[in-house]
Amino acid sequence: MKTIEGKVVVLGAQGVGKTSMVVRYIGKMFSHHISPTIGASFFTCNINKGEIRVKLQVWDTAGQERFRSMAPMYYRNANAALLVFDITHPSSFSSIKSWVKELQRNVEEPLILCVVGNKTDLESQRKISREEAEQYAQSIAATYFEASALNDSGIEDIFLCCADGMVTLSQDKLVKTLRVTPSMNGRSDRDGQHDRVVVDHPTATEQRSPFCC
Amino acid sequence: MKICGPKLSLCGLIISVWGIIQLVSMGLFYYMNSVALLEDLPIEESYDDAKKFYADAENGYSMNAYNFVICSVWDYRIRQLLRMAGLTDGGSIFTSEFGVNSNSLQGVEDLGQTYDEGASNVADESLDSGVGESGLNDSDIRESDTVNVELMTSDLPRDILDNDLIVSDDDNDPRNLLMENEDWKAKERHVFILSSSGKPVYSRYGSEDKMVTLFGVMQALVSIIEDSDDTMESIHFGNNVIVFQRRGPLILVAVSKKRDSVVFLNNQLTYVYNQIVSVLTLMQINRIFKARQNYDLRRLLSGSERLIDHLLQFHETEPSIFVGGISCIPMPPSQRESISSAIVSTCSKIKNLVFAVLVANNRLITLVRKKRYSMSPSDLHLILNMVASSESLKTAEIWTPICLPHFNANGFLHAHVSYLTEDTQACLLLLTVDQEIFFQLSEAKMKLTERLKKNNSISVIDEVLKSPPSTWLSLHEIGVSKIRHFIYKCRKTYNVLSSPLQPPYDTPEDANKLFTKYQTTYFNMMDSNPQSQGYYQDSPEESVICLITDKYEILVAMEPLMKKQASLDLINRLIQWIQKEEDKFFLSNIPYL
Ligand SMILES: Nc1nc2c(ncn2[C@@H]2O[C@H](COP(=O)(O)OP(=O)(O)O)[C@@H](O)[C@H]2O)c(=O)[nH]1
Ligand SMILES: [Mg+2]
């Protein structure tokens, strides 16, 4: 079984629900009283794609201004970026635009981009329409997702999309940051009890852009 | 019930405006060298030389004139502050004791002194202490009756009117929202942080945006005093204490309604300041305010308010913090050593690793450090505070810059923070100066977890944390059951041992009351620079005893009404027991990496 190890960085303003999304996906829970992230949190998870195991190293960053200068450390050598905004907060949407500009300037290798509009459970307070976000996502060759960490809707698709994208990237000879280890037994120490193992998930092959899944 | 309606507050306003008028006019009279006031001047009893007498009197007149004007402005400001902080309801201020302490008054012992023998006494007081701005007379003000408000408001200095305190009935007036908020007013200890230009930085309760005026008043107070080359330290007012700390570009203010000691509140403010430095570094704070004096620091602190909230609570409820020491989880010494040596052997090859700290439930398990470096208790408290206030998934690894003010206030260390396993409370922190070695540390942590699993340490730690505290320390078994609670600190190693909170201290309120007593006692003694001394306070609830020698400090709560000698005997027995058993409770050896 082949193992692909890739780095995913989660970016976006403070309070949009980045940590909640990751915790929902990896820890399968949600808390209203989650502490603001300090620095960055690192998680790993495994996703099986047929004969390939994709190991995601997820960096959940803090959105605060004081950690801004540390961001390059996390997106450097990243293979995928989740750009999260809160559909009820227009300023969080403009904030992902500036993240995208920063990524475009500083990341050279192909990068899987996912734009995520979170908190769809607050539909009544929505300020950013689906069309607007989709249009923007298209303009930067990203895939757009809507999600709610609270209701656990749409979260899984985002990470699966990253995994799919990594598989595609691994076939690209120019990509050097992905670690591909053709081992018989891919289990390393890092695989804890919290692995997510998804066997043969039907892949979403519809909208495929050169960068993204 | 509304205590202060519009009529009463108008009455209060009139009276206080009259107070200002009176003080300003007193100032004026001094300025005009009125003979009637001669006896209040700081001049000597007898003079041989008439010239010298006139010169001294002249000086005295102008000094007192200045002081009175200062007093009146001050008084107004302070009332405004107290009132906005919910400390007084309209007129009640007029019957309370009132005193102000600035640094040149340091020698004056009784700060809550009453000045109710007429304004002339104020001048007497200033004579004794060598300064004028010490206090004023409220009862005197109350007795004065008819006042013409219009006339006076036009006479008042511009400065005062800018911050006028007329209570409006507009519900949208933020000052009203604040004062109407019973919840907010009921809080016993407030902490405010502002920049020297008066920009709000932090308030313990409520939103800073609703308190802009309050922050303005505090800033004005501090700067008025500073203009006269003095420093505002504290204001005392009945049971209320307000303490000010000026730290570079920041002003920290603690307001307490619990008759807390000034030293305690200063200690708390110092912790809060260190927490801010820990988030931003001193260098960054100074650089920011140098570039832009009215920078809104909340932008950079956002997300760390929670750290300050938690720290304040931690400081009030965790004995080891307010005595400035460290408490460890109990464990057989050989066990602790084997954990330490596992850490050393796993981490010794990592270049640039400065500290490895293992903690659980706000207490230390062990600490390993690079040669020549040491960890101060207060830095360790900031680390514990960070761990306690940032629960996330147990499987996450946190990687964050953190500044330890006593280690280096101007630079960041980088901390790798993670729980050893998913189902233990034991949390490992690896602190390095190299921001590039996350994965190296992550790997080291994994190896260490394996080792500690193998040598059974993790289950030992879990067992200790699960076991009831009495398995390690039972006052009954030591034979000192008349001792209800104690806190012991070894002065050489800073280790702290305190007994579990049992009835009658098993509810948070009762524990809080006891700790407040401890804090007052302890900090009063610290204040008087102790070598070897004791303090004994009897009350119907309990006797609180504090003993400080060059080896240890101990605070004890005893059953009330015991003979002094009998209590001392019990304490001695307890201390002997601690000294015999201390290697279970104390981290005496901090190995090198
Ligand atoms: N209603 C709603 N609230 C959410 C959702 N996701 C996160 N939150 C809340 O938003 C706040 C910030 O979440 P957090 O994950 O810390 O955001 P981060 O700063 O981006 O990591 C928390 O109070 C969460 O409970 C969501 O999908 N719906
Ligand atoms: Mg977060």
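Residues numbered from 1 in each chain as written. Chains lettered and ligands numbered in written order. Predicted model: local features only at pLDDT ≥ 70, side-chain atom pairs only at ≥ 80, totals over all residues. Heavy atoms only, no water.

Engineer: Help me get a handle on the coordination of the magnesium ion (ligand 2), residues and values and all.
Structural biologist: All names here are of chain A. Summarising the metal site, the magnesium ion (ligand 2) is bound by the protein donors Thr19 (OG1) and Thr37 (OG1), whose distances to it range over 2.0 Å. Within this pair, whereas Thr19 is found in helix 1 (residues 18-27), its partner Thr37 is found in the loop between helix 1 and strand 2 (40-49), the two being separated by 18 residues in sequence. Taken individually, Thr19 and Thr37 each receive the classification buried, so the pair is uniform in this respect. (Donors = N, O, S within 2.8 Å, 3.2 Å for Na, K, Ca; no water. Helix = DSSP H or I, 4+ residues; strand = E, 2+ residues; numbered from the N terminus. Buried < 20%, exposed > 50% of the residue type's maximum accessible area, 1.4 Å probe, protein only.)

Engineer: So, the side chain of Thr366 of chain B: which residues are in play, and what are the values?
Structural biologist: Residue and element names in this part refer to chain B. Relative to the helices and strands, Thr366 is located in strand 8 (residues 363-369). A relative accessible area of 0% places Thr366 in the buried class. Of the polar contacts made by the side chain of Thr366, one reaches the side chain of Ser340; its length is 2.8 Å. Not counting residues up to four positions away in its chain, the partners in contact with Thr366 are Arg336, Ile339, Ser340, Ile343, Ala356, Val357, Leu358 and Leu587. (Polar contact = N/O pair within 3.5 Å; in protein donor to acceptor, adjacent residues only side chain to side chain. Contact = heavy atoms within 4.5 Å.)

Engineer: With reference to specific residues and values, describe the side chain of Asp60 of chain A.
Structural biologist: All names here are of chain A. Position of Asp60 relative to the elements: it lies in strand 3 (residues 52-61). Buried charged residue Asp60 carries no salt bridge. Nearest counter-charge: Lys18, at 5.5 Å. Here Thr19 takes part through its side chain, which lies 2.8 Å from a polar atom of the side chain of Asp60. Among all residues touching Asp60, those that are not within four sequence positions of it are Val10, Lys18, Thr19, Val22, Thr37, Ala40, Ser41 and Phe43. (Lys, Arg positive; Asp, Glu negative; His and termini not counted. Salt bridge = Lys/Arg side-chain N within 4 Å of Asp/Glu carboxyl O.)

Engineer: Mind laying out empty space enclosed by the protein, listing which residues take part and the relevant values?
Structural biologist: Enumeration according to the criterion identifies 10 cavities of 30 Å³ or more in this entry. The volume enclosed by the second largest cavity comes to roughly 100 Å³. Around the second largest cavity, the lining residues are Ile38, Arg66 and Phe67 of chain A together with Gln275, Ser278, Val279, Leu307, Leu382, Met386, Thr400, Pro401 and Ile402 of chain B. Of all the elements in the fold, those that place two or more residues in the lining of the second largest cavity are helix 10 (262-280), helix 16 (377-389) and strand 9 (397-402) of chain B. Considered class by class, the residues forming the lining of the second largest cavity number eight nonpolar, three polar and one charged. A domain-level breakdown of the lining of the second largest cavity finds at least three residues from each of domain 2 (174-317) and domain 3 (326-466) of chain B. (1 Å grid on protein atoms, 1.4 Å probe; cavity = no way out; pocket = protein on both sides within 12 Å on 5 of 7 lines; lining within 4 Å. Points joined across faces, edges and corners; volume = space filled by probe spheres on them. Nonpolar A, V, L, I, M, F, W, Y, C, P; charged D, E, K, R; others polar. Domains from an automatic or database assignment.)

Engineer: I'd like to hear about the site of ligand 1, residue by residue, with values.
Structural biologist: All names here are of chain A. Taken together, the neighbourhood of ligand 1 is formed by 20 residues, with Gly15, Lys18, Thr19, Ser20 and Asp121 sitting nearest. Here Ser20 contributes a side-chain N or O atom positioned 2.6 Å from an oxygen atom of ligand 1. For the shell around ligand 1, the element with the highest residue contribution is helix 1, accounting for three residues. When grouped by side-chain class, the residues that make up the shell around ligand 1 number seven nonpolar, 10 polar and three charged. (Near = heavy atom within 4 Å.)

Engineer: Lay out the packing of helix 13 (residues 305-317) of chain B against helix 16 of chain B in plain terms, naming residues and giving numbers.
Structural biologist: All names here are of chain B. Following both chains from N to C, one finds helix 13 and helix 16 inclined at 115 degrees, their axes separated by 9 Å at the closest point. As for the relative orientation of helix 13 and helix 16, their crossing is right-handed in sense. Together, Arg306, Leu307, His310, Leu311 and Phe314 of helix 13 and His381, Leu382, Leu384, Asn385, Met386, Ala388 and Ser389 of helix 16 make up the contact between the two elements. Grouping the constituent residues of the contact of helix 13 with helix 16 by class yields seven nonpolar, four polar and one charged. (Axes fitted to C-alpha atoms, helices over the stretch in contact; angles between N-to-C directions. Left-handed = near helix turned anticlockwise from the far one by under 90°.)

Engineer: Any details on the domain arrangement of chain B? Residues and values, ideally.
Structural biologist: Residue and element names in this part refer to chain B. Here the domain parsing of chain B yields domain 1 (6-161), domain 2 (174-317), domain 3 (326-466) and domain 4 (470-585). Using C-alpha coordinates to define each centre, domain 3 is positioned 30 Å away from domain 4. Contacts between the two partners involve 11 residues from domain 3, matched on the other side by seven residues from domain 4. Between domain 3 and domain 4, roughly 740 Å² of surface is buried when both sides are summed, and carbon and sulfur atoms account for 59% of that area. (Buried area = accessible area lost by both parts, 1.4 Å probe.)

Engineer: Would you mind going over the pairing of strand 15 (residues 543-548) of chain B in detail, with residue names and values included?
Structural biologist: All names here are of chain B. Of all the six residues making up strand 15, six are buried; the element is thus mostly covered by neighbouring parts of the structure. Along strand 15, one buried face is formed by Ser543, Ile545 and Leu547 and the opposite face, lined by Val544, Cys546 and Ile548, is buried too. Summarising the sheet, strand 14 (residues 533-538) and strand 15 pair through six bridges and their orientation is antiparallel. Of the residues in strand 15, the one forming a bridge with Asp538 is Ser543. Between the end of strand 14 and the start of strand 15, which pair antiparallel, lie four residues. Bridging between strand 15 and strand 16 (residues 552-558) involves six bridges; their strand directions are antiparallel. (Pairing = 2+ DSSP bridges.)

Engineer: An account of the pattern of salt bridges is requested, with residue identities and associated values reported.
Structural biologist: This structure, assessed with the given rule, holds 23 salt bridges over all chains. Linking Arg126 of chain A and Glu146 of chain A is a salt bridge whose minimum nitrogen-to-oxygen distance equals 2.7 Å. With Arg126 of chain A in the loop between strand 5 (112-118) and helix 4 (130-139) and Glu146 of chain A in strand 6 (residues 143-146), this pair connects stretches of sequence that are 20 residues apart. The residue Lys580 of chain B makes a salt bridge to Glu581 of chain B at a minimum N-O spacing of 3.7 Å. Linked through salt bridges whose partners overlap, the residues forming this network are Glu123, Arg126, Arg130, Glu134 and Glu146 of chain A.

Engineer: Can you tell me about the environment of Ser223 of chain B, naming the residues and giving the values?
Structural biologist: Residues and elements named next belong to chain B. On the secondary structure map, Ser223 appears in helix 9 (residues 212-227). Exposure remark for Ser223: the relative accessible area of 24% places this residue in the partly exposed category. Taking the C-alpha atoms as reference points, Ser223 and Leu194, 29 residues apart in sequence, are found 12 Å from one another. A distance of 3.1 Å separates a polar atom in the side chain of Ser223 from the backbone oxygen of Ala220.

Engineer: Can you break down the packing of aromatic side chains residue by residue, with the values?
Structural biologist: Overall, the coordinates contain 23 aromatic pairs over all chains when judged by the stated rule. Here Trp59 of chain A and Phe439 of chain B contribute two aromatic rings whose centre-to-centre distance is 6.3 Å and whose plane-to-plane angle is 85 degrees, an arrangement assigned as edge-to-face. Of this pair, Trp59 of chain A sits in strand 3 while Phe439 of chain B sits in helix 18 (residues 438-454), on two different chains. Positioned above the aromatic ring of Tyr373 of chain B is the side chain of Arg372 of chain B, whose terminal nitrogen or guanidinium carbon lies 5.7 Å from the ring centre. (Phe/Tyr/Trp six-rings, centres within 6.5 Å; stacked < 30°, edge-to-face > 60°. Lys NZ or Arg CZ within 6 Å of the ring centre and 35° of its normal.)

Engineer: Which residues make up the interface of chain A and chain B, and what values do they have?
Structural biologist: Taken together, the contact between chain A and chain B spans 29 residues of the former and 28 residues of the latter. Interface area, chain A with chain B, both sides summed: about 2,400 Å², of which 57% is carbon and sulfur. Linking chain A with chain B are two salt bridges. When the shortest N-O distance is used, the salt bridge between Arg299 of chain B and Glu65 of chain A registers 3.0 Å.

Engineer: So what's going on with helix 19 (residues 457-466) of chain B? Residues and values would help.
Structural biologist: All names here are of chain B. Counting buried positions along helix 19 yields seven of 10 residues, so the element is predominantly enclosed. Among the residues of helix 19, Ser457, Ile458, Val460, Ile461, Asp462, Val464 and Leu465 are the ones counted as buried. Turning to helix 19, the residues buried within the fold contact helix 15 (333-347), strand 7 (353-360), strand 8 and helix 18.

Engineer: So what's going on with the UniProt feature "domain: FUZ/MON1/HPS1 first Longin" (unreviewed entry) in chain B? Residues and values would help.
Structural biologist: Within the UniProt annotation, "domain: FUZ/MON1/HPS1 first Longin" (unreviewed entry) is assigned to residues 189-311 of chain B. End C-alpha to end C-alpha, residues 189-311 of chain B measures 13 Å, and it is 46% helix and 26% strand. (UniProt positions renumbered as here; feature names shortened; annotations may be inferred.)

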